[in-house]
Amino acid sequence: DGGITQSPKYLFRKEGQNVTLSCEQNLNHDAMYWYRQDPGQGLRLIYYSQIVNDFQKGDIAEGYSVSREKKESFPLTVTSAQKNPTAFYLCASSIDPSRVNTEAFFGQGTRLTVV
Amino acid sequence: DAKTTQPTSMDCAEGRAANLPCNHSTISGNEYVYWYRQIHSQGPQYIIHGLKNNETNEMASLIITEDRKSSTLILPHATLRDTAVYYCIVRGYSGNTPLVFGKGTRLSVIA
């Protein structure tokens with residue numbers, strides 16, 4: 001089936017460790033996005049990529065890094081510089097940039113807990 | 001920042017129509033209105049979008065006022081599974097502009 005896969009669903013890490021969240025899509029979408037959601041809040045944009053080997057910072061990029069070496073993959077690394085990393089992380093993708101009225105498809109999220 | 005204003009929460013009786021309002025008074029002429037919903041602890045799900053005409057699909061109807069400053073999402077026969085947070089989003093014209101989420105409306109469908 002086509003879709004976006006985030007893994008793992010739950011992730012626990014010790015404070016001070018970097019951790020990488022996986023996001024893979026087989027929809028042949030050009031653009032991919034990472035969002036963070038805190039309890040009772042809306043989604044906030046961390047990073048996005050409109051094409052392979054290119055990405056832009058979102059509103060809360062500090063303490064995070066990404067790469068886009070392949071069209072289907074957009075991993076997010078939560079570094080030790082991120083002060084409050086415990087959150088629900090969501091990945092999304094959408095089709096080519098020339099089509100304005102395109103919907104974004106979301107993965108089921110990874111819940112990261114740092115202890 | 002989100003360019004929309006939505007009520008924090010709403011209740012709806014099961015089987016009745018749920019009407020979710022959204023204000024977007026600063027919307028530009030080439031910006032679309034999108035609706036997504038998020039069921040607890042899941043990724044957001046696309047519902048519908050429109051520019052200026054009313055739109056309908058198998059999930060919902062979208063009514064946009066003539067001046068485009070507000071819209072209403074209608075779920076014609078709400079079920080308990082429609083309980084979710086509903087986000088109204090105004091999206092820029094450039095393809096693949098990231099979605100900017102506000103806090104949305106928490107809809108509770110009551111039996």
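Structure: above.
Residues numbered from 1 in each chain as written. Chains lettered and ligands numbered in written order. Predicted model: local features only at pLDDT ≥ 70, side-chain atom pairs only at ≥ 80, totals over all residues. Heavy atoms only, no water.

### Re the sheet that holds strand 9 (residues 105-110) of chain B
Residues and elements named next belong to chain B.
Thought 1: Spatially, 1-9-8-3-4 is the arrangement adopted by the five strands of the open sheet, whose pairing is mixed. The open sheet terminates on both sides in strands that have one partner only, identified here as strand 1 (9-13) and strand 4 (45-50). Here the strands of the sheet are splayed against their neighbours by 25 degrees on average, with no regard to which way each runs.
Thought 2: In this structure, strand 3 (residues 32-38) lies alongside strand 4, joined through five bridges in antiparallel fashion. (Pairing = 2+ DSSP bridges. Helix = DSSP H or I, 4+ residues; strand = E, 2+ residues; numbered from the N terminus. Axes fitted to C-alpha atoms, helices over the stretch in contact; angles between N-to-C directions.)

### Quick notes on the interface of chain B and chain A
Thought 1: Listed as interface residues are 22 residues of chain B and, on the opposing side, 27 residues of chain A.
Thought 2: Between chain B and chain A, roughly 1900 Å² of surface is buried when both sides are summed, and carbon and sulfur atoms account for 49% of that area.
Thought 3: One can count zero salt bridges joining chain B with chain A.
Thought 4: At the boundary of chain B and chain A, one finds five residue pairs in polar contact (both at pLDDT 80 or more).
Thought 5: When contributions to the side of chain B that touches chain A are tallied by element, the ones reaching two or more residues are strand 3, strand 4 and strand 8 (84-91) of chain B. (Contact = heavy atoms within 4.5 Å. Buried area = accessible area lost by both parts, 1.4 Å probe. Salt bridge = Lys/Arg side-chain N within 4 Å of Asp/Glu carboxyl O. Polar contact = N/O pair within 3.5 Å; in protein donor to acceptor, adjacent residues only side chain to side chain.)

### Remarks on the sheet that holds strand 6 (residues 61-64) of chain B
All names here are of chain B.
Thought 1: Pairing in this open sheet of four strands is antiparallel, and the strands run 2-7-6-5 from one edge to the other. Single-partner strands in this sheet number two, and they are strand 2 (18-23) and strand 5 (55-56).
Thought 2: Note that strand 2 and strand 7 (residues 70-75) share six bridges and pair antiparallel. Bridging from a neighbouring strand, Pro21 pairs with Thr72 of strand 7.

### Topic: the nonpolar core
All names here are of chain B.
Thought 1: Ranked by internal contacts, the top residues of the largest apolar core, which has 21 residues, are Trp35, Leu73, Tyr86 and Leu107.
Thought 2: Taken together, the elements giving at least two residues each to this core come down to strand 2, strand 3, strand 4, strand 6, strand 7, strand 8 and strand 9.
Thought 3: For this core, the element with the highest residue contribution is strand 8, accounting for four residues.
Thought 4: For Leu73, the residues in contact, after removing those within four places along its chain, are Ala18, Asn19, Leu20, Trp35, Ile47, Ile48, Ala60, Ser61 and Tyr86. (Core = buried A, V, L, I, M, F, W, Y, C linked by side-chain atoms within 4.5 Å. Buried < 20%, exposed > 50% of the residue type's maximum accessible area, 1.4 Å probe, protein only.)

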